[in-house]
Amino acid sequence: MKKILLAMGLAVMPLLVFAQKENSIVGRQYKYFDTSAFCSYSSFHPSEYLTDNNWDILCAFVEPGTVTKLDSLAIPYSKSQLRLLEVGDLLRSDNGVYSTSMKIFDKSETDAIRRQSKAFADSIFPVIEPKIARLIKAFSKAGYSGQTYSLVFSYLLDSYVWGDGRLPKPVDCGDHGTWSGVYWAMFDSRAHDKIGTNGYGPVMQNWTDSLGYWIKSDKMISFAKEVMKTKGKRIENQAVIDAVASWGLTDEKGNIRIPVMHAGSNDDIDVLCRSIADELTDAVKAYCSAWCHACNISSEKVGQIIFYHEVMWDLLEILEAKGMISMPPILKGEEVGKQHFGDICFIVITDENDSAE
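Each value, and the rule that gives it
- Residues numbered from 1 in each chain as written.
- Predicted model: local features only at pLDDT ≥ 70, side-chain atom pairs only at ≥ 80, totals over all residues.
- Heavy atoms only, no water.
- Helix = DSSP H or I, 4+ residues; strand = E, 2+ residues; numbered from the N terminus.
- Rg over C-alpha atoms; globule rule 2.2 N^0.38 Å.
- Buried < 20%, exposed > 50% of the residue type's maximum accessible area, 1.4 Å probe, protein only.
- Contact = heavy atoms within 4.5 Å.
- Areas by Shrake-Rupley, 256 points an atom, 1.4 Å probe, with all protein chains shown as cover.
- Lys, Arg positive; Asp, Glu negative; His and termini not counted.
- Charge placed at Lys NZ, Arg CZ, Asp CG, Glu CD.
- Pairing = 2+ DSSP bridges.
- Axes fitted to C-alpha atoms, helices over the stretch in contact; angles between N-to-C directions.
- Parallel < 35°, antiparallel > 145°, perpendicular 65-115°, else oblique.
- Left-handed = near helix turned anticlockwise from the far one by under 90°.

K.L.:
I'd like a rundown of the overall build of the protein, residues and numbers included.
P.N.:
The secondary structure content of the protein amounts to 12 helices and 9 strands. Scaling as 2.2 N^0.38, a compact globule of 357 residues should have a C-alpha radius of gyration of about 21 Å, and the protein matches this with 23 Å. Each of the three principal axes of the protein carries a C-alpha extent, and together these read 75 × 45 × 40 Å. Across the 357 residues in the protein, those meeting the buried criterion constitute 49%. Of all intrachain contacts in the protein linking residues separated by at least 6 positions in sequence, the fraction that spans at least 24 positions is 71%. Surface summary for the protein: the accessible area is close to 17,100 Å², and the carbon and sulfur share equals 52%. Side chains of the protein carry 37 positive and 46 negative charges; the gap between the two charge centres is 1 Å.

K.L.:
Requested: an account of the sheet that holds strand 9 (residues 345-350), with residues and values cited.
P.N.:
Strands sit in the order 6-7-9-8 across an open sheet of 4 strands; the sheet is mixed. The open sheet has two edge strands, strand 6 (195-200) and strand 8 (260-263), and neither has a second partner. Within the sheet, the average angular offset between the axes of one strand and its neighbour, ignoring direction, is 30°. Two strands pair when backbone bridges link them, and strand 7 (residues 203-208) and strand 9 are joined in this way by 3 bridges, in the antiparallel orientation. Bridge pairing in strand 9 links Gln205 to Cys345.

K.L.:
Before we move on, can you summarise the packing of helix 6 (residues 107-141) against helix 10 (residues 268-294) with the specific residues and values?
P.N.:
The N-to-C vectors of helix 6 and helix 10 enclose an angle of 170°; their axes lie 9 Å apart at closest approach. Our classification of the angle between helix 6 and helix 10 gives roughly antiparallel. In this structure, helix 6 contributes Ile113, Gln116, Phe120, Ile124, Val127, Ile128, Lys131, Ile132, Arg134, Leu135, Ala138 and Phe139 to the contact, and helix 10 contributes Ile269, Leu272, Cys273, Ser275, Ile276, Glu279, Leu280, Ala283, Val284, Tyr287 and Trp291.

K.L.:
Now, about the packing of helix 6 against helix 7 (residues 148-157): what can you tell me, with residues and values included?
P.N.:
Taken N-terminus to C-terminus, the directions of helix 6 and helix 7 make an angle of 125°; their axes are 10 Å apart at the nearest point. One element, helix 6, and the other, helix 7, form an angle in the oblique class. Handedness of the helix 6/helix 7 crossing: right-handed. Judged by residue contacts, Leu135, Ile136 and Phe139 of helix 6 engage Thr148, Leu151, Val152 and Leu156 from helix 7.

K.L.:
Report on the sheet that holds strand 5 (residues 179-186), specifying residues and quantitative values.
P.N.:
Taken in spatial order, the 3 strands of this open sheet run 1-5-4, and their pairing is mixed. At either margin of the open sheet sits one strand with a lone partner, and together these are strand 1 (34-41) and strand 4 (103-104). Pairing of strand 1 with strand 5 involves 8 bridges; the strand directions are antiparallel. Bridge pairing in strand 5 places Ala37 opposite Tyr183. Lying on the sheet, helix 11 (residues 300-321) is in contact with strand 1, strand 4 and strand 5; it crosses strand 5 at an angle near 50°.

K.L.:
Before we move on, could you go through the environment of Ile276 and cite the residues and values that matter?
P.N.:
Considering the arrangement of structural elements, one finds Ile276 in helix 10. Judged by its relative accessible area of 1%, Ile276 is buried. With 157 residues separating them in the primary sequence, Ile276 and Ala119 have C-alpha atoms 18 Å apart. Dropping the residues within four chain positions of it, Ile276 is found in contact with Ile128, Lys131, Ile132, Leu135 and Leu156.

So, in structure tokens, the structure goes:
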């Protein structure tokens with residue numbers, strides 16, 4: 001379609017029509033994409049570079065070109081905008097030819113990747129299912145049945161897999177000035193609620209876009225500092241206790257009310273998590289050795305992160321469909337009271353030294 005229009009010598013109007021086609025990246029608003037940032041940052045998150053119409057510029061340069069391409073697409077721009085995107089390492093320039101650094105997948109690519117990730121998840125799940133079932137029983141035995149969903153998703157699938165050199169961490173994927181890691185976009189979102197994990201030192205919080213209860217970050221940071229001092233045992237700072245007790249994180253005496261995971265302790269939970277994570281990530285690495293090249297992803301580390309995130313959503317859906325885990329009401333946006341915030345939080349204490357005693 002694009003080649004025909006250019007051959008006819010049609011300039012602005014036909015290209016604008018093309019840009020607004022339903023399945024085109026160019027002209028598609030940022031809010032319709034499924035963007036993910038697996039990153040750490042010191043001052044500016046990569047999304048903070050998307051001011052004004054900078055997203056339109058990035059979409060335009062998924063296929064490299066000069067600024068005349070922006071002119072032909074009627075996309076306004078300034079030199080400072082282009083420079084800002086370069087500073088954020090989202091755009092690069094080679095002798096005046098611009099190309100988008102972040103990976104933006106079009107509809108056909110997104111659909112293909114999700115078919116592949118589902119097939120992968122369907123094949124690996126029977127291998128790890130018995131151990132996940134045992135892990136869920138271990139959580140229940142430890143008194144953590146109320147937090148099972150968040151422990152399986154946020155602790156096992158979204159945290160444990162990144163430890164001990166299994167899958168790359170943000171720092172393994174290059175420095176981008178004010179941030180490190182991977183920032184990418186799929187053409188559209190999955191039907192499942194957007195879900196993720198926030199970390200405050202040793203304190204982790206599961207979240208969804210539907211979550212209606214959000215404790216202030218300064219309270220979580222203060223709580224995390226006390227947890228680090230006590231290594232997950234009772235805290236004594238009364239001001240912190242008063243700030244978090246009503247959120248279900250402690251009782252009125254400072255006793256911790258959320259799960260405390262001891263990573264590296266070799267207890268039953270840790271052994272199962274390690275075994276599941278090893279099998280899962282070894283399979284992802286083996287698959288991605290060829291998959292990255294097929295998807296034109298130059299770095300295998302970046303490819304592993306992108307592919308695993310899709311697999312993670314597929315595994316979550318399988319677990320939910322089988323009834324092995326169920327999303328707690330608070331994550332669905334139900335009015336259950338802020339005391340249930342503790343249902344989606346847990347603590348991770350690294351116990352390598354303790355395990356040797």
